[in-house]
Amino acid sequence: MSALLSVCNLSVQINEQPILHHIHLELAPGKVHVLMGPNGAGKSTLGNVIMGNPACSVTEGSMFFNGSDLLGLSVDQRAKAGIFLSFQNPLEVPGISLFSFLKSAYELTRDTHVRLWQFRKQLSATLGDLALDESYLDRDLNVGFSGGEKKKAEILQMLTLSPKLAILDETDSGLDVDAVRTVSHGIARYMEDAGHTLLIITHSTRILESLHVDRVHILAEGHIVHEGDASLIDDVNAHGFERYLSRE
Amino acid sequence: MNGKTYLDEISHSRYDFRYDEDGYFKVDQGLNEDIILEISREKNDPEWMREFRLRSLEQYHRLSVPDWGPDISGLNIDNIVTYVRPKNAGMTPKWSDVPSEIRETFERLGIPQAERESLAGVGAQYDSELVYHNVREEVAAQGVIYTDLESALHGPCAEMIRTHFMHLVPSTDHKFAALHGAVWSGGSFVYVPRGVSVEIPLQSYFRLNAPGAGQFEHTLIIVDEGASLHFIEGCSAPKYNVANLHAGCVELYVEKNAHLRYSTIENWSKNMYNLNTKRAIVREGGVMEWVSGSFGSHVSYLYPTTILAGAKAQMNYTGITFAGAGQNLDTGMKVIHSAPDTASVIHAKSISKSGGISTYRSAVTVNPGAAGSKSTANCESLMLDSDSRSDTIPVMDIRTADADIGHEARIGRISSEAIFYLMSRGLSEEEARTRIVSGFADSVSKELPLEYAVEMNNLIRLEMKGTIG
Ligand SMILES: Nc1ncnc2c1ncn2[C@@H]1O[C@H](COP(=O)(O)OP(=O)(O)OP(=O)(O)O)[C@@H](O)[C@H]1O
Ligand SMILES: [Mg+2]
């Protein structure tokens, strides 16, 4: 089966600083991939470069998504192609309500129009699943949201937009025990659709509990240093990343 | 600014006209007594008004153009005579004469053809006139007088007008106040009697096309003791005027325990010199609220001023300015605390783009008798690119020890991370920027009635269009 996303020999710089080196990564459609690695390894950078953050400049290599060359696509075109990034630190944007933002995003990524009340009804079910009060819809996007609420709002967006590929960048960090469970169920629900693919960046395993992990990738010092099946997670938990680090 | 207020500076201005290359500045070629008398006859002025116009004309000749703000040497003062001469020398404006930029704006705003023409000053009759009459009848039942100033001069409020007209903004104030005093024409008069609350906002929009309304309109509002009013001035759609000078005047009298909210959304054509003077006086326990959105114009000088003259009087100002390519908007506000326990709260925002210059000039004066007064100002500027400019020039003149004064100013840019965030959900770069800019303006649009908020948003969209190359 051909990959949904295939990253080939990708090198990336931020502010002229090399961050990622010769990355190879293949994400298979319908599968759950996990990306692990020490702090500062470049995990968020990888998520950002797939989404097209202009701060990350690609110095070599290629990325193909669903057969099309990602490097030629703007950020919004990538979103429309079906890529979603749940931000490690979602931004606060004053003056835009979560609802109107979601509505625009929904309409733009699907090239359709929705009725206000219908869309609200559709959202209210998802909000319930995420244990978020409906009043959050009328608040400014992420403004004054707690760390956990921001992460839940990201998952709300993911569930609403239903992208082909969702990259979750430490969505579980900062969540309390109950919230991890709630979010984890949300993610499991997302994966019920056979056409959905996940790349989960995480330092913990709790978020993975209700999921079947297909493949694990280890990123260290800007290199993919190891890949394997779900058992790799236990391995990392037991021994840390020590063995993957270069000894200079 | 040497701690002086802007008004001081104007009245101390010297006689230094700018000379242009073609020759020199000839004042008397512009306006003369004959023209003023002609206007006065045309308007059927009472005698005192005719005298007032002539006195103002003298002031106009004596005062010089301001030399402390944006350059207005491009304003051909010689031509003022052609702006104000009645019956405009055989000019019959046609819709096709309206600049295409403005026609397009009307179209995009979805304003019906008939209304567009009338807003552009080329139509004669339109539906809104009818709406205006209906509103007038409704408030008249409460004893409210809402009419054009010319008729009011001959009505039961004639004396009230004589004792209020250009008492807050005397024609000695500055050159364009003098010009206004000499040639004013059109505008609104509102009187709200004691204790009357006007529930519906009155909108001068409805009578924009009243005969004679133009670039020298005068608004006079008196809200009597314990009464309250929301007045909306100007129109949210762009005005098109044959002349490129606007020197209107707004005088607002807020009596004891009265409440006035005065909202404006102005959008002038981009060749306009907007030299408008707005002033309010607030008596004991009264509340004055300004909500102001300034779009368009080539150069603006606009500083709504409030005199808090009675104890516990309050002023609240919320305003936004948008300066795009070729625009130099010098706006701000001025407040004078002249009585104990008065309070002012200022929220000013400005946006500058494509080389636009936006200057916020404020003056807060606390007089010796104004113990226990409080003023807080918060200015935020958003610069959309590095070609644009944004300045904040606050002046404070505090003459009592017992005053609580705060001023905070911030200048910012749109964060590229925020754009990336919005784009990652499918918004185009232009859309993302527009949403962020509208979001910045949100605290102002929230203060406006819905239809005006929507139109302000549309104006921002229009300004943002085509920003991305
Ligand atoms: N704007 C920037 N300027 C300079 N260096 C940057 C910038 N952004 C990221 N980096 C650097 O790139 C490297 C990778 O950062 P990245 O955020 O991708 O790490 P990460 O693996 O996600 O770490 P964590 O687990 O802490 O989230 C780090 O050394 C970081 O300091
Ligand atoms: Mg990270």
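Conventions and cut-offs
Residues numbered from 1 in each chain as written. Chains lettered and ligands numbered in written order. Predicted model: local features only at pLDDT ≥ 70, side-chain atom pairs only at ≥ 80, totals over all residues. Heavy atoms only, no water. Phe/Tyr/Trp six-rings, centres within 6.5 Å; stacked < 30°, edge-to-face > 60°. Helix = DSSP H or I, 4+ residues; strand = E, 2+ residues; numbered from the N terminus. Buried < 20%, exposed > 50% of the residue type's maximum accessible area, 1.4 Å probe, protein only. Lys NZ or Arg CZ within 6 Å of the ring centre and 35° of its normal. Pairing = 2+ DSSP bridges. Contact = heavy atoms within 4.5 Å. Axes fitted to C-alpha atoms, helices over the stretch in contact; angles between N-to-C directions. Expected span 1.5 Å × (residues − 1). Buried area = accessible area lost by both parts, 1.4 Å probe. Salt bridge = Lys/Arg side-chain N within 4 Å of Asp/Glu carboxyl O. Polar contact = N/O pair within 3.5 Å; in protein donor to acceptor, adjacent residues only side chain to side chain. Nonpolar A, V, L, I, M, F, W, Y, C, P; charged D, E, K, R; others polar. Core = buried A, V, L, I, M, F, W, Y, C linked by side-chain atoms within 4.5 Å.

Quick notes on the packing of aromatic side chains
A ring pair, where both rings are aromatic, is described by two values, the distance of the centres and the angle of the planes.
Phase 1 of the analysis: In the structure shown here, the tally under the stated rule is 15 aromatic pairs over all chains.
Phase 2 of the analysis: An angle of 55° between the planes, with centres 5.4 Å apart, marks the rings of A:F87 and B:F420 as tilted. Here A:F87 is found in the loop between β6 (83–86) and β7 (93–97), whereas its partner B:F420 is found in helix α12 (residues 416–423) on a different chain.
Phase 3 of the analysis: On the basis of relative accessibility, which here comes to 6%, the residue A:F87 falls in the buried class.
Phase 4 of the analysis: These aromatic residues form a ring-pair network of at least three members: A:F87, A:F101, B:F420 and B:Y421.
Phase 5 of the analysis: Over the ring of A:F99 we find A:R120, and its NZ or CZ is 5.0 Å from the ring centre.
Phase 6 of the analysis: In this structure, B:K175 packs its charged tip against the face of B:Y60, placed 4.1 Å from the ring centre.

With respect to the sheet that holds strand β11 (residues 287–296) of chain B
Residue and element names in this part refer to chain B.
Phase 1 of the analysis: Strand order across the open sheet formed by 8 strands is β3-β5-β8-β11-β14-β16-β18-β20, with parallel pairing between neighbours. Two strands lie at the open edges of the sheet, namely β3 (202–203) and β20 (403–413), each paired on one side alone.
Phase 2 of the analysis: With 10 bridges connecting them, strand β16 (residues 343–352) and strand β18 (residues 373–383) associate as parallel partners. Residue pairing in the sheet places S352 in a bridge with M383 of β18.
Phase 3 of the analysis: Contacting β11, β14 (314–323), β16 and β18, helix α13 (residues 429–445) crosses the sheet at an angle of about 155° to β14.

Re helix α3 (residues 98–110) of chain A
All names here are of chain A.
Phase 1 of the analysis: The end-to-end C-alpha distance of α3, which contains 13 residues, comes to 18 Å, matching closely the 18 Å that a straight helix rising 1.5 Å per residue would cover.
Phase 2 of the analysis: α3 sits mainly inside the fold: 10 of its 13 residues count as buried.
Phase 3 of the analysis: Within the span of α3, buried status applies to L98, F99, F101, L102, K103, S104, A105, Y106, E107 and T109.
Phase 4 of the analysis: Among the residues trailing α3, D111 stands out with phi positive, at a value near 55°.

Focus on the interface of chain B and chain A
Phase 1 of the analysis: With 17 residues of chain B at the interface, the matching set in chain A holds 31 residues.
Phase 2 of the analysis: Carbon and sulfur atoms make up 66% of the surface buried where chain B meets chain A, a total of about 1900 Å² over both sides.
Phase 3 of the analysis: If you sort the residues of chain B by the area they bury against chain A, B:F420, B:Y421 and B:R425 come out on top, with a joint share of 42%.
Phase 4 of the analysis: On inspection of chain B and its partner chain A, the count reaches 1 salt bridge.
Phase 5 of the analysis: With a closest N to O distance of 2.8 Å, B:R425 and A:E154 form a salt bridge.
Phase 6 of the analysis: In this assembly, chain B and chain A are joined by 9 residue pairs in polar contact (both at pLDDT 80 or more).
Phase 7 of the analysis: Elements supplying a minimum of two residues to the side of chain B that touches chain A: α12 and α13 of chain B.
Phase 8 of the analysis: Per element, the largest residue contribution to the side of chain B that touches chain A is 6 residues, and it comes from α12(B).
Phase 9 of the analysis: Along the lines of polarity and charge, the residues of the side of chain B that touches chain A split into 8 nonpolar, 5 polar and 4 charged.

Some details on the pattern of salt bridges
Residues and elements named next belong to chain A.
Phase 1 of the analysis: Applying the stated criterion to the full structure yields 25 salt bridges over all chains.
Phase 2 of the analysis: We note a salt bridge from R120 to D138, for which the minimum N-O separation is 3.0 Å. With a gap of 18 residues between them, R120 in helix α4 (residues 116–129) and D138 in the loop between α4 and β8 (140–141) connect regions that are remote in the sequence.
Phase 3 of the analysis: Here R181 makes a salt bridge to D178, at a shortest N to O gap of 3.7 Å. You can see R181 and its partner D178 sitting in helix α6 (residues 177–191), 3 residues apart, about one turn around the helix.
Phase 4 of the analysis: A cluster of three or more residues bridged by salt bridges with shared partners is formed by R120, E134 and D138.

Description of the nonpolar core
Phase 1 of the analysis: Within the largest apolar cluster, 110 residues are counted, with the highest numbers of intra-cluster contacts made by A:I50, A:L198 and B:L422.
Phase 2 of the analysis: Per-element accounting of this core gives the leading share, 7 residues, to α6(A).
Phase 3 of the analysis: For A:L198, the contacting residues outside a window of four places in its chain are A:K31, A:V32, A:H33, A:L165, A:A166, A:L168, A:I187, A:Y190, A:M191 and A:L211.
Phase 4 of the analysis: Listed in part, the 37 residues of the second largest apolar core include B:V190, B:V198, B:A348 and B:Y360.

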